[in-house]
Amino acid sequence: MIGVFDSGFGGLTILKELKAALPEYDFLYLGDNARAPYGPRSFETIHRYTLEAVKVLFERGCPLVILACNTASARALRTIQQRELPTLAPENRVLGIIRPTTEEIGFYTKTGHIGILGTAGTVISGSYPLEISRFFPQIQVAQQACPLWVPLIENGEIDSPGAGYFVQKYMDALLSRDSEIDTILLACTHYPLLEAEIRRFTPPGIQIISQGAIVARKTAEYLGRHPELDKRVSKTGKIRFLTTDTAEFFKKGASFFWNEPISVDSLTFV
Ligand code: DGL
């Protein structure tokens, strides 16, 4: 299977696109719902939690794990790839979602000004401005952390009046940093679930980009370039789900944005 990991429900926005791009592949999704959000946590904690998740996905038969979480990609990926993977499972692979997104995002802007919305962890890491400057050195990047958005989503509050207040607050803050932004990247996999609200507070003429389709396309290309890894991924078109919260909690929360019946197992990290 291909393992897909997120702190909670957000990675489902990536999984949906992976399923569309690679319908014959098997996926195992793990949401660490009991410990979400990751955004405000320290580097050490995010690394520890993410490593635990990667180990579980390896043990359950995933030779490839995608960190479908920007916070984990920004804070844990490099350490896992460089420090743990060579002894843990050198033949397996762990990929993040920042690199594939930054390889493409520069093609979307006409003004050369991009806005990034992410968790505090992603914004503090500076990963997006750094990676974008590698591929598109002429592009200006403004960032805004939106620490209350993930809790709103994880708690099923996206339609409440409070959600509108906090969406407007962070949108205004981002747009006041750079008036020439014409492209906003939702650099947290949870945020597409708030997209309707985000659009309400976005001036016309500014496009909002979700990274799911980009990541899915890049994953398909990656598997094409790595046939030895591709051969190790089972292909019966099945998707299974794991959560660190209860199966009931996951089923209820996921039903807002996953339209098919799902089979969920619960696990606890010790
Ligand atoms: N969905 C995760 C991301 O892409 C984040 C969230 C969190 O747990 O704070 O950053």
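Our structure's up above, just so we're on the same page.
As the structure is a computational prediction, the values presented were derived from the model and not from experiment.

Caption draft 1: Structural view of the environment of F250. In this structure, F250 sits in helix α13 (residues 247–254). Sequence separation between F250 and F269 is 19 residues; the distance between their C-alpha atoms is 16 Å. Beyond its immediate stretch of four places on either side in the chain, F250 contacts F9, L12, Y29, N33, F241, T243, I262 and V264.

Caption draft 2: Quick peek at the site of the ligand. The local shell around the ligand holds 13 residues, among which S7, Y38, T71, T189 and H190 are the closest. Separating a nitrogen atom of the ligand from a side-chain N or O atom of D6 is a distance of 3.0 Å. For the shell around the ligand, a count of residues per class yields 5 nonpolar, 7 polar and 1 charged.

Caption draft 3: Expanded view of the sheet that holds strand β8 (residues 207–210). Strand order in the open sheet formed by 4 strands is β6-β5-β7-β8, with parallel pairing between adjacent strands. Because the sheet does not close on itself, it has two edges, and the strands there are β6 (140–145) and β8. Ignoring strand direction, the axes of neighbouring strands in this sheet form an average angle of 25°. When strand β5 (residues 113–118) meets β6, the two strands line up parallel, connected through 6 bridges. Across the sheet, the residue bridging to H113 is Q140, located in β6. Of the strands in this sheet, β5, β6 and β7 (183–186) are in contact with helix α7 (residues 127–135), which crosses β6 at around 160°.

Caption draft 4: Up close: the pattern of salt bridges. One pass over the full model with this rule turns up 12 salt bridges. Salt-bridge contacts for K19 lead to E260; the nearest nitrogen and oxygen are separated by 2.9 Å. You can see K19 sitting in helix α1 (residues 12–21) and its partner E260 sitting in the loop between α13 and β10 (264–266), a full 241 residues away along the chain. For E260, a relative accessible area of 44% translates into the label partly exposed. Put simply, R99 and E103 hold a salt bridge, and the shortest N to O gap is 3.0 Å. With R99 and E103 both in helix α5 (residues 98–105) and 4 residues apart, this pair spans about one turn of that helix. Several salt bridges converge on common partners, so that one network encompasses R99, E103, E104, R217 and K218.

Caption draft 5: Structural view of the packing of aromatic side chains. Under the definition given, this model contains 12 aromatic pairs. With a centroid separation of 5.0 Å and an interplanar angle of 90°, the aromatic rings of F107 and F136 are classed as edge-to-face. In this pair, F107 is assigned in the loop between α5 and β5 and F136 in the loop between α7 and β6, connecting sequence segments 29 residues apart. Overall, the relative accessible area of 61% leaves F107 in the exposed class. When its relative accessible area of 7% is taken as the criterion, F136 is described as buried. Ring geometry for W149 versus Y170: centroids 5.8 Å apart, planes at 55°, classification tilted. Here Y170 lies in helix α9 (residues 161–177) and W149 lies in helix α8 (residues 149–154), a separation of 21 residues in the sequence. Per residue, the accessibility class of W149 equals that of Y170, and both read buried. Aromatic rings pair up to connect F9, Y29, F241, F249, F250 and W258 into one cluster.

Caption draft 6: Representation of the environment of A89. One can find A89 in the loop between α4 (77–88) and β4 (93–95). A relative accessible area of 7% means that A89 is categorised as buried. For A89 and P63, which are 26 residues apart along the polypeptide, the C-alpha to C-alpha distance reads 8.7 Å.

Caption draft 7: Layout of the side chain of T109. Here T109 lies in the loop between α5 and β5. Here the side chain of T109 touches G112 through a polar contact of 2.8 Å, landing on its backbone nitrogen. In terms of polar contacts, T109 uses its side chain to reach the backbone amide nitrogen of H113, at 3.4 Å. Look past the residues within four positions of T109 in its chain and what remains in contact with it is I114, I139, D182, T183 and Q207.

Caption draft 8: Spatial organisation of the side chain of R75. Relative to the elements of secondary structure, R75 occurs in helix α3 (residues 70–75). No salt bridge forms around the buried R75; measuring N to O, its nearest opposite-charge neighbour E44 is 6.9 Å away.

Rules and cut-offs
- In every chain, residue numbers begin from 1 and rise along the written sequence.
- Residue-level local features of this predicted model are given only where pLDDT is at least 70; pairs of side-chain atoms are given and counted only at 80 or more, and the full residue set underlies all totals for whole chains, interfaces and linings.
- With hydrogens and water set aside, each side-chain value is computed from the structure's full complement of heavy atoms.
- What counts as a helix is a DSSP run of H or I of at least four residues, what counts as a strand is a run of E of at least two, and both are numbered from the N terminus.
- We call two residues in contact whenever any of their non-hydrogen atoms come within 4.5 Å of each other.
- Summary of the distance rule: residues count as near a molecule or strand when at least one heavy atom falls within 4 Å of that molecule or strand.
- Here a polar contact means two N or O atoms within 3.5 Å. Within protein one must be a hydrogen donor candidate and the other an acceptor candidate, and residues neighboring in sequence count only if both atoms are side-chain atoms.
- Three classes are used, and their members are as follows: Ala, Val, Leu, Ile, Met, Phe, Trp, Tyr, Cys and Pro are nonpolar, Asp, Glu, Lys and Arg are charged, and the others, Gly among them, are polar.
- Strands pair, by our definition, only if DSSP identifies at least two bridges between them.
- Lines fitted to C-alpha atoms define the axes here, with helix axes fitted over just the stretch in contact, and angles between the N-to-C directions of these axes take values from 0 to 180 degrees.
- What counts as a salt bridge is simple: a side-chain nitrogen of Lys or Arg found within 4 Å of a carboxyl oxygen of Asp or Glu.
- Accessibility here uses a 1.4 Å probe with only protein chains present; expressed as a share of the type maximum, an area under 20% marks a residue as buried, one over 50% as exposed, and anything in between as partly exposed.
- For Phe, Tyr and Trp, rings pair up if their centres lie within 6.5 Å, where Trp contributes its six-membered ring, and each pair is then called stacked (planes under 30 degrees apart), edge-to-face (over 60) or tilted (otherwise).
- By the counting rule applied here, Lys and Arg register as positive and Asp and Glu as negative, while His and the ends of each chain are not counted.

Everything listed is a geometric property; what it means functionally is a separate question.
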